[in-house]
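# Residue-level structural notes
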Amino acid sequence: MSVIETVLQQDARTTTAPNPVDAWKPWHKVLFRIAFIFFIAICIPNSTEWYKLVLNIDWTHLHYRDLYDIARFGSGINLFGDSIFGSNLLGYANWITTAIIAIAGGFLWTAIVQWRKTEREEYNVMYYWLRAIVRYRAGIGIIGFGFTKLLPVQMPYPSLGILNTNFGDLTAQKIYWLSVGIVPWYQIFAGVVEITAGSLLLFRKTTTLGAILLFAALGDIVYVNFAYDGGVHVYSSYFVLLAAFLLVNDLPKLYNLLILERYTVPVNFYPDFSGWKKYTRFGIKAATLFVFLGWFFYLQLINFLYDPYKQPSVAGEKELRGNYTVTEFRLNNQVIPYSPLDSVRWQEATFEDWTTFTFRVNRPVFLDLSNGGGDPQRDLNRTFEVAGVGGGQRVFHYYADPKNHVLYLQDKFKANPERRNRAAGVGGDGGTARNLKTDSSLAATAALPDNWIPKEIWQDEVNRIDPRAASTRRNREFATAKNNEKRNRMILQYDTKDGNRIILHGINENKDSIYVVLDKVQRKYALSESSLKAGKY
């Protein structure tokens with residue numbers, strides 16, 4: 001190496017290893033004050049419901065959703081609700097409100113310290129802690145998100161009813177979710193990427209790698225959600241924003257190393273963690289890793305095996321399962337012959353492995369434009385089979401009385417759906433207020449939908465899954481099943497010997513009598529059956 005090259009390298013080392021405690025320029029401090037207010041505001045929950053939920057978690061009988069709710073919450077300053085200037089700005093209005101207030105607060109902060117002549121030379125300690133808060137917020141949040149993919153329940157393999165739906169009757173959002181759902185191993189890979197990114201963010205020395213991975217992975221998800229109207233663009237953008245903030249400090253170093261190809265020493269500021277602070281720090285980190293990686297994985301595994309997030313959890317009647325063609329259909333004792341244009345006659349029917357019955361008629365239905373997610377515990381409210389599916393598909397949840405061969409059916413579509421994720425501020429039909437109170441009773445005793453169905457048929461639904469999946473959260477929701485829900489209902493008697501032919505007769509949703517003969521058919525699908533199925537049926 002020549003003398004000139006040696007000198008140049010020494011210069012480069014000098015210029016790329018700045019002293020982290022140097023005085024900050026005035027504009028650095030103004031930007032930091034704005035960023036401090038903004039990122040603190042979007043990293044802490046802004047809903048009192050979240051705090052009530054967390055305080056009332058029963059840690060002795062956890063459900064995966066308990067930890068997920070800790071990891072996911074609504075944030076930001078929402079003085080004007082979810083809109084600003086009369087628009088929700090595609091869901092980003094809250095961010096704009098928070099940014100405006102942060103900018104005003106940053107300048108006010110600057111004015112006050114200058115007026116009082118107490119301005120610091122730097123904010124290295126506060127910057128360190130702000131980054132730590134953002135790291136943990138992003139890390140825990142994306143780990144929670146990633147576990148629903150690592151054990152693929154976020155985008156389930158399509159049910160028979162969905163497979164029987166014409167492609168043109170699916171919304172763009174549904175096509176995207178199903179496209180990932182039919183390749184569960186890809187979904188698992190996406191989960192590995194997200195959990196890896198989150199895990200790296202929990203350590204200071206690997207923060208840069210974690211932030212790069214998070215920015216790239218979630219940036220792709222933001223784009224996909226805009227392209228397919230997937231409905232998760234704001235939450236995925238949230239992680240991109242946090243990752244971008246964590247990378248700001250590293251960009252000059254990365255540019256120097258990767259673009260200018262110069263020798264680069266990443267110098268970072270760390271506060272003193274000697275003595276009791278050292279053990280406190282290790283304790284917090286160890287607890288975080290245990291709860292949000294170890295325990296969370298176990299709960300998600302139980303959920304995947306016995307109570308999959310978006311699919312109904314209770315097994316359907318085994319003798320009824322399968323696809324059926326409608327051989328005969330009578331309405332009020334009048335035979336209605338098959339016609340693809342008839343708006344009353346059923347065209348085909350399906351009993352899923354779980355407690356869902358689907359049939360199709362040539363009459364449009366209202367679309368459920370949600371993604372079928374959220375926090376519902378009751379199978380009736382798990383609506384992935386309905387969400388984004390049109391074309392006359394009717395999807396009913398049923399309670400079976402096998403002794404008397406009766407099915408009590410309720411329409412899964414609800415005209416006025418309630419919030420689906422309470423912790424995140426976009427709430428849930430399934431989320432019961434009981435989870436917000438101090439009542440931690442494990443008994444599901446209070447539910448009484450009304451008198452249309454015998455109590456002994458529905459009251460034990462909460463326990464009709466593997467006992468290992470039992471949780472206080474599930475019990476609380478079943479205990480507060482809603483009264484007076486306006487849903488279409490049917491009560492049908494079923495007769496069958498071996499499941500190849502089923503005769504249904506009773507009262508339909510319009511209170512007409514129906515008589516339907518179903519004959520089982522074996523359908524061949526272009527998709528091979530999934531080798532990785534969630535649930536135990």
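Residues numbered from 1 in each chain as written. Predicted model: local features only at pLDDT ≥ 70, side-chain atom pairs only at ≥ 80, totals over all residues. Heavy atoms only, no water.

Along its length, the protein carries 15 helices and 11 strands. Residue burial in the protein is summarised as follows: out of 537 residues, 52% are buried. Put simply, 73% of the contacts in the protein that link residues at least 6 apart link residues at least 24 apart. With the model as given, the accessible surface of the protein reaches about 25900 Å², and the carbon-plus-sulfur share is 61%. (Helix = DSSP H or I, 4+ residues; strand = E, 2+ residues; numbered from the N terminus. Buried < 20%, exposed > 50% of the residue type's maximum accessible area, 1.4 Å probe, protein only. Contact = heavy atoms within 4.5 Å. Areas by Shrake-Rupley, 256 points an atom, 1.4 Å probe, with all protein chains shown as cover.)

Considering the arrangement of structural elements, one finds R137 in helix α6 (residues 124–150). Linking R137 and G198, residues 61 residues apart in sequence, is a C-alpha distance of 9.3 Å. When sequence neighbours within four positions are dropped, the list of residues in contact with R137 reads C43, A71, R72, F73, Y235, Y238 and L242.

What follows covers helix α5 (residues 93–116). Side chains three or four residues apart in an α-helix point the same way, a direct result of the helix having 3.6 residues per turn. The first and last C-alpha atoms of α5 sit 35 Å apart over 24 residues, in line with the 34 Å expected at 1.5 Å per residue. Lining the buried residues of α5 we find α2 (26–43) and α11 (233–248). Positive phi appears at K117, one or two residues downstream of α5, with a value of about 55 degrees. (Expected span 1.5 Å × (residues − 1).)

Among the structural elements, Y51 can be located in helix α3 (residues 48–55). Take Y51: its relative accessible area is 37%, and that puts it in the partly exposed class. For the pair Y51 and I70, spaced 19 residues apart in sequence, the C-alpha to C-alpha distance is 9.1 Å.

Bringing the confidence of the model for the protein into the picture now. Where the model shows low pLDDT, its predicted coordinates should not be examined in detail. On average, residues of the protein score 88 in pLDDT, and 89% of them are at 70 or above. Scored below 50 in pLDDT, residues 1–17 shows nine contacts in the model against residues more than four places distant or in partner chains. Note on residues 440–448: pLDDT is under 50 here. Beyond four places in sequence and across chains, it has 22 contacts. (pLDDT = per-residue confidence, 0-100.)

Bringing the packing of α2 against α6 into the picture now. Here α2 crosses α6 at 30 degrees, and the two axes come no closer than 10 Å. Classified by the interaxial angle, the pair formed by α2 and α6 is roughly parallel. Relative to α6, α2 is oriented so that their crossing is left-handed. Residues F32, A35, F36, F39, I40 and C43 of α2 form the contact with α6, whose own contacting residues are M126, Y127, L130, I133, V134 and R137. For the contact of α2 with α6, the class distribution of residues is 11 nonpolar, no polar and one charged. (Axes fitted to C-alpha atoms, helices over the stretch in contact; angles between N-to-C directions. Parallel < 35°, antiparallel > 145°, perpendicular 65-115°, else oblique. Left-handed = near helix turned anticlockwise from the far one by under 90°. Nonpolar A, V, L, I, M, F, W, Y, C, P; charged D, E, K, R; others polar.)

In this section: the pairing of strand β4 (residues 356–360). With respect to burial, β4 is a largely interior element, five of its five residues being buried. Where burial is concerned, the two faces of β4 agree: the one with T356, T358 and R360 and the one with F357 and F359 are both buried. Pairing of strand β3 (residues 348–351) with β4, which is carried by four bridges, proceeds in the antiparallel orientation. What sits directly across from E348, in β4, is R360. Connecting the antiparallel pair β3 and β4 is a turn made up of four residues. Judged from the five bridges that link them, β4 and strand β5 (residues 393–401) form a sheet pairing that is antiparallel. Bridge assignment links T358 to a residue of β5, and that residue is V395. (Pairing = 2+ DSSP bridges.)

Within the secondary structure, S159 sits in the loop between α6 and α7 (160–163). Of the residues examined, S159 reaches a relative accessible area of 5% and is grouped as buried.

All right, on to a nonpolar patch on the surface then. Together, I182, V183, Y186, F189 and L527 line one region of the surface with nonpolar side chains, adding up to about 440 Å² of accessible area. Within the fold, V183 resides in the loop between α8 (172–181) and α9 (184–201). (Patch = residues over 30% accessible without salt bridge, like charges linked within 9 Å, V, L, I, M, F, W, Y side chains within 5 Å. Salt bridge = Lys/Arg side-chain N within 4 Å of Asp/Glu carboxyl O.)

Within the largest apolar cluster, 74 residues are counted, with the highest numbers of intra-cluster contacts made by F39, V134, L214, L218, L242 and F245. Ranked by the residues each element gives to this core, the list is headed by α6, at 11 residues. Y324, V326, L407 and M490 belong to the second largest nonpolar core, which has 25 residues in total. (Core = buried A, V, L, I, M, F, W, Y, C linked by side-chain atoms within 4.5 Å.)

It is at 12 Å that the axes of α6 and helix α10 (residues 207–228) come closest, and there the two elements cross at 50 degrees. Our classification of the angle between α6 and α10 gives oblique. Remark: the crossing between α6 and α10 carries left-handed chirality. Between α6 and α10, the contacting residues are R131, R135, A138 and I142 on the first element and T207, L214 and L218 on the second. The residue inventory of the contact of α6 with α10, partitioned by class, reads four nonpolar, one polar and two charged.

For the structure on display, the rule yields 42 aromatic pairs. Taken together, a centroid distance of 5.7 Å and an interplanar angle of 45 degrees make the contact between F32 and F36 tilted. Residue F32 and its partner F36 are located together in helix α2, separated by four residues, close to a single helical turn. Ring geometry for F351 versus Y398: centroids 5.9 Å apart, planes at 80 degrees, classification edge-to-face. Of the two residues, F351 is situated in strand β3 and Y398 in strand β5; the sequence distance between them amounts to 47 residues. (Phe/Tyr/Trp six-rings, centres within 6.5 Å; stacked < 30°, edge-to-face > 60°.)

Attention now moves to the side chain of R135. One can find R135 in helix α6. The side chain of R135 sits in the buried core without any salt bridge; D250 is the nearest counter-charge, 9.7 Å away. Within polar-contact distance, the side chain of R135 engages the backbone oxygen of L201 at 2.9 Å. Setting aside residues up to four positions removed in sequence, R135 forms contacts with L201, L202, F203, R204, T207 and L246. (Lys, Arg positive; Asp, Glu negative; His and termini not counted. Polar contact = N/O pair within 3.5 Å; in protein donor to acceptor, adjacent residues only side chain to side chain.)

It is worth spelling out the pattern of salt bridges at this point. Applying the stated criterion across every chain, the model contains 19 salt bridges. E119 is the partner of K29 in a salt bridge, and the nearest nitrogen-oxygen pair spans 3.6 Å. Here K29, found in helix α2, pairs with E119, found in the loop between α5 and α6; they are 90 residues apart in sequence, far enough to count as distant. By relative accessible area, K29 is classed as buried at 8%. The residue E529 makes a salt bridge to K533 at a minimum N-O spacing of 2.4 Å. Of the residues examined, E529 reaches a relative accessible area of 60% and is grouped as exposed. Taken together, the shared-partner salt bridges in this structure form one network comprising R65, D66, D69, D375 and R473.

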